[in-house]
Amino acid sequence: MEKPDRGMVRLSAEECKGCGLCVEACPPKVLRLADGLNRSGYHPVCYLNRGCTGCGICFYACPEPGAIVVLRVAA
Amino acid sequence: MPEYTVIHEKARSFYDLYERKAELQHQTHYCPGCGHGIVHKLVAEAIDELGIQDRTILVTPVGCSVFGYYYFDVGNVQAAHGRASAVACAVKRALPESVVLSYQGDGDLAAIGTAEILHAANRGENITVIFVNNAIYAMTGGQMAPTTLLGQSSTTTPSGRNEWNEGYPLHVCELLAALEAPVYLERVALGNNKQIMGAARAVRRAIGNQVKSLGFSLVEILSPCPTIWRKDPVEAQHWVRDEMAKVFPLGVFRDRGTEAGARPAAAPPPALDEVPRLLGIVNGSRLMTDRGGATVDWRIKVAGFGGQGVLMLGEVLAEAGLDAGMEVSWLPSYGPEMRSGTSNCHVRLAAAPIDSPLVSRPNVLLALNQPSLEKFLPTVEPGGWVFYNGQTPPRNGVRADVRVIGRPFTQVGDELGDARAGNMVMLGALLEATGLLPDEAVEGALKRVVKSERWLELDRRALARGRAAVREGSLP
Amino acid sequence: MKQLIKGNEAIVKSAILAGCRAFYGYPITPASEIAEAAALYLPRAGGVFLQAESEVAAINMLYGAAAAGVRALTASSGPGISLMQEGISYLAGAELPCVIADIMRGGPGLGNIAPEQGDYNQVVKGGGHGNYRTLVLAPDSVQEMADLTRLAFDLADEYRNPVVVLADGYTGQMMEPVEFPAAAMLPRRPAWAVDGTAATRRNLITSIYLEPDQLEAHVRKLETKYRRAEQQAVRFESHRTEDAEIVLVGYGIVARILKAVVEQARAQGLAVGLLRPITLYPFPAAELRRLSRQALAFLVVEMSTGQMVEDVRLALEGRRPVEFYGRCGGNVPSAEEILRWVRERADHYWPAFAPEEMADA
């Protein structure tokens, strides 16, 4: 069993406008824009499901207040 | 599966659902990659961290952030273009316990609202200004902003901003740093992760300063506008970092946060029942003598040079008339006449309520100089009184159908100690000749109108001298 | 007890007694005594006085103070009122109460600082952009400067709308005895205000309604208030109109002069009366129409080239002749010159109307 990731993100595909700033900002590069469109017609961000460090940088890069929630392993 | 806890999520100071928005209430109205959303998050997070959500009042401008109240679950006041800082000042002064944020864009703050921001900063208003600089008018479709870079094209600088036509980008932090009062001025940017974290600290600092009552704080945030700039969001972010920050250097331009003491709090308001007294509103009754007869109707014109006490003479008459139980009015000439050196006033003392306070047909003319005599003598009602400052009236200052009393009143005042007391010498003569007002009313009026003891004494002597001048038929 | 006081000062004292706790303004003759008195008295009463950087800033500061639920006052004269119009439109649009004293001077442009009534149109007809009105009160004495200022604050709160006290330079500068209310009042902050507490956190002050249907609904709501004011807020003074064949119409200081004219005309046998609008908006149109049943002509006098006269004509809808006499530039018509004109008009309409003694006078 691999060591679990330190962090995790919850992404709101409907709030996301697909600007890609979080993808650019993410240090471990574990975010990408989805191939499909959301209801607003954007390619929303999605998580590769592995490798999040819980650094929170994507949260601050994102212009939408509630599109990204960042979690970290409880101490 | 390990247990995860949330470390970053939507701030509590945002509404869960943006119900004030007509549609798409789950997301902001901002374009993809717009800096406003990031700035909103930094502001909301600072409000949460400082625990001031209930106390916070956000003043939003005209520009893309006009709808800040869609998102911020705080008190919201939307302002006219350029006036957010003026509105914020008054909100803060009305509610010193509140935390007032003026959120403004570059057109709002640095063009149309330049006077308001400069003076708010110069007064050291205890407000926090969040200044979002994206070098363009975005909401109106991409016209030049005062912060548009040289060479940058916009719909109103189609060939690029040219310093010979449009001047240079305006540096707000540098401008405000020339003022004494601001406690904190910093320029930050949203050009990369590190810059965004710096912006977060600056926003928290600027709001925290207000919570500590330190005074005026402003954070200028260089912010991307991918749509108008016609760049994708990532390119726009790079442009902030690589181009805007070159023209608008980042940094702290003023930080008195540590040395500044809290601004003095306003004195507590007085008890409500103290207010009339504090306004000088007098209670009690006045000395009331008789009305001087049921038909009395004195229409008095006082005229002379400025400095001869024309208005004051009239004021004593009106005050005394009030004490004597008459209806009174006092109307001064003001304006260019006053400034070019002549002065006059209209006084009415009557038994009946006064219709017009203007005296166009006086029955008493007090002419302290020759031009006034010449100007107003023809208006005097037949049978009226004319008091003239001189031994003999000029040839065109004679009328057979009025009673003229000429004495060198000003000269007499001068002999008594001050030429300006000549007005009271003339008043004494008027009172003696006409019996217009009782002595005690005049004395009471004098005490209210004349504040200095020395002048009161001089004016009393002047009045007596004026009375004597008439009584004895010549100058004593 | 009555005290002798300047009109401009009376406004301030009355405002503070009525609970005004904020003054923002910019100096201008002949209104500056209002700012000066506010600077002296408001801090004593625990209020805010601030000399703003411009009239534009001042009116927007009023917007802020009103949004915070404070009774707020500003004062200016023609040129400054022109600058405030944008802000007044915002105040009306955001339904914020405030009181604005306009102490009129000569215009247009820099004009002069002598008394005039040339601001009627810009104040009574809205003045700024959009479908709104200001309620306008026109004092004709220093006592009314005090009384109508107090009323202005009450009306502003009742209608959630700016109210203008419209006076001229003379009414501002003159002194007359005034009786102030014995007690001061301080109304509670209205529930709609944004006052920095949890209870008002969800309150919003704005004049923007992006959707046409929303904005139309909002404008209709404002319109309903104005219709209500037209029903309930009209004030006027009728002086010897009960048997008047000629009705003089004038407001402010002009009405005082017209009172003297009425007496003099009556003494000469002319059946003249005076209708003095106290509210210029809402305008006493119904009273004018009522008077038109018996009066034969309406003679309007203003210190302007004719602004209110248009409202008189609109009210009368051609029922009776409406004539106008105006002076401007700072010239104030004397009772004597107005009387000559009134007699001339009376002769013109009704040669037989002039009694014998008039011809001899």
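Residues numbered from 1 in each chain as written. Chains lettered and ligands numbered in written order. Predicted model: local features only at pLDDT ≥ 70, side-chain atom pairs only at ≥ 80, totals over all residues. Heavy atoms only, no water.

Description of the arrangement of the chains
Most contacts, when the 2 pairs of chains in contact are compared, are made between chains B and C. There is a gap between chain A and chain C: no contact, and a shortest C-alpha distance of 19 Å. (Contact = heavy atoms within 4.5 Å.)

Here's the deal with the layout of surface pockets
One number sums up the size of the second largest pocket: a volume of about 1000 Å³. What lines the second largest pocket is a set of 44 residues, and nearest its centre among them are H346(B), L358(B), V359(B), S360(B) and S334(C). Put simply, the parts of the chain that give the lining of the second largest pocket at least two residues each are strand 9 (297–305), helix 13 (336–339), strand 11 (342–350) and helix 14 (370–376) of chain B together with strand 6 (112–115), helix 9 (253–267) and helix 12 (335–349) of chain C. Across the lining of the second largest pocket, the residue classes tally to 20 nonpolar, 10 polar and 14 charged. (1 Å grid on protein atoms, 1.4 Å probe; cavity = no way out; pocket = protein on both sides within 12 Å on 5 of 7 lines; lining within 4 Å. Points joined across faces, edges and corners; volume = space filled by probe spheres on them. Helix = DSSP H or I, 4+ residues; strand = E, 2+ residues; numbered from the N terminus. Nonpolar A, V, L, I, M, F, W, Y, C, P; charged D, E, K, R; others polar.)

Structural notes on the sheet that holds strand 8 (residues 251–255) of chain B
What the 8 strands build is an open sheet, ordered 8(B)-6(B)-7(B)-5(B)-4(B)-2(B)-3(B)-10(C); its pairing is mixed. This sheet does not close on itself; its edge strands, each paired only once, are strand 8 of chain B together with strand 10 (204–205) of chain C. Each of strand 2 (56–60), strand 4 (99–105), strand 5 (128–133) and strand 7 (217–222) of chain B is contacted by helix 1 (residues 35–50) of chain B, which is oriented at about 170 degrees to strand 4 of chain B, the strand it contacts most. Running at roughly 155 degrees to strand 6 (residues 184–189) of chain B, helix 8 (residues 193–211) of chain B makes contact with strand 4, strand 5, strand 6, strand 7 and strand 8 of chain B of the sheet. (Pairing = 2+ DSSP bridges. Axes fitted to C-alpha atoms, helices over the stretch in contact; angles between N-to-C directions.)

Examining the pairing of strand 4 (residues 68–73) of chain A
Note that strand 1 (residues 7–11) of chain A and strand 4 of chain A share 5 bridges and pair antiparallel. Within the sheet, the bridge partner assigned to L11(A) lies in strand 4 of chain A and is I68(A). Note that strand 4 of chain A and strand 1 (residues 4–8) of chain B share 4 bridges and pair antiparallel. The partner of L71(A) across the bridge, within strand 1 of chain B, is V6(B).

What about the environment of A135(B)?
Residue and element names in this part refer to chain B. Along the polypeptide, A135 turns up in the loop between strand 5 and helix 6 (163–166). Accessibility expressed as a relative area gives 0% for A135, which makes it buried. Other than its neighbours up to four places away in sequence, A135 contacts D106, A145, T147, T148, Q152 and M244. (Buried < 20%, exposed > 50% of the residue type's maximum accessible area, 1.4 Å probe, protein only.)

Topic: the side chain of D168(C)
Residue and element names in this part refer to chain C. Looking at the secondary structure, you find D168 in strand 8 (residues 162–168). Put simply, D168 is tucked away with no salt bridge, and the nearest opposite charge, on R256, sits 9.2 Å away. A distance of 2.7 Å separates the side chain of D168 from the side chain of T171, its partner in a polar contact. Not counting residues within four places of it along the chain, the set of residues in contact with D168 comprises I103, M104, P115, E116, I253 and M303. (Lys, Arg positive; Asp, Glu negative; His and termini not counted. Salt bridge = Lys/Arg side-chain N within 4 Å of Asp/Glu carboxyl O. Polar contact = N/O pair within 3.5 Å; in protein donor to acceptor, adjacent residues only side chain to side chain.)

Focus: the domain arrangement of chain C
Residue and element names in this part refer to chain C. Split by domain assignment, chain C resolves into domain 1 (3–232) and domain 2 (236–360). Computed over C-alpha atoms only, the centres of domain 1 and domain 2 are separated by 30 Å. The interface is formed by 33 residues belonging to domain 1 together with 25 residues belonging to domain 2. Across the domain 1/domain 2 interface, buried area totals approximately 2300 Å², and carbon plus sulfur atoms make up 51% of it. On the domain 1 side of the interface with domain 2, the three residues burying the most area are Q117, Y120 and D140, jointly 32% of the side's total. (Domains from an automatic or database assignment. Buried area = accessible area lost by both parts, 1.4 Å probe.)

Section: the pattern of salt bridges
Scanning the model with the defined rule gives 58 salt bridges over all chains in all. A salt bridge links R460(B) to E443(B); the shortest N-O distance between them is 2.6 Å. Within this pair, whereas R460(B) is found in helix 18 (residues 453–471), its partner E443(B) is found in helix 17 (residues 439–449), the two being separated by 17 residues in sequence. Overall, the relative accessible area of 32% leaves R460(B) in the partly exposed class. Residues E158(C) and R228(C) are paired through a salt bridge, measuring 3.3 Å at the closest nitrogen-oxygen approach. Note that E158(C) is positioned in helix 6 (residues 142–159) and R228(C) in helix 8 (residues 212–232), a separation of 70 residues in sequence. The class for E158(C) is partly exposed, based on a relative accessible area of 43%. According to the relative accessible area criterion, R228(C) is partly exposed, its value standing at 31%. Residues joined by salt bridges that share partners form a network here, namely D297(B), R299(B), R348(B), D355(B) and E381(B).

A short note on helix 18 of chain B
All names here are of chain B. Helix length check: helix 18, at 19 residues, gives a terminal C-alpha distance of 27 Å against a target of 27 Å (1.5 Å per residue), a fit within 8%. Residues of helix 18 that are buried: W455, L456, L458, D459, A462, L463, G466, R467, A468, A469 and V470. Directly beyond the C-terminal end of helix 18, a positive phi value near 75 degrees is found at G473. (Expected span 1.5 Å × (residues − 1).)

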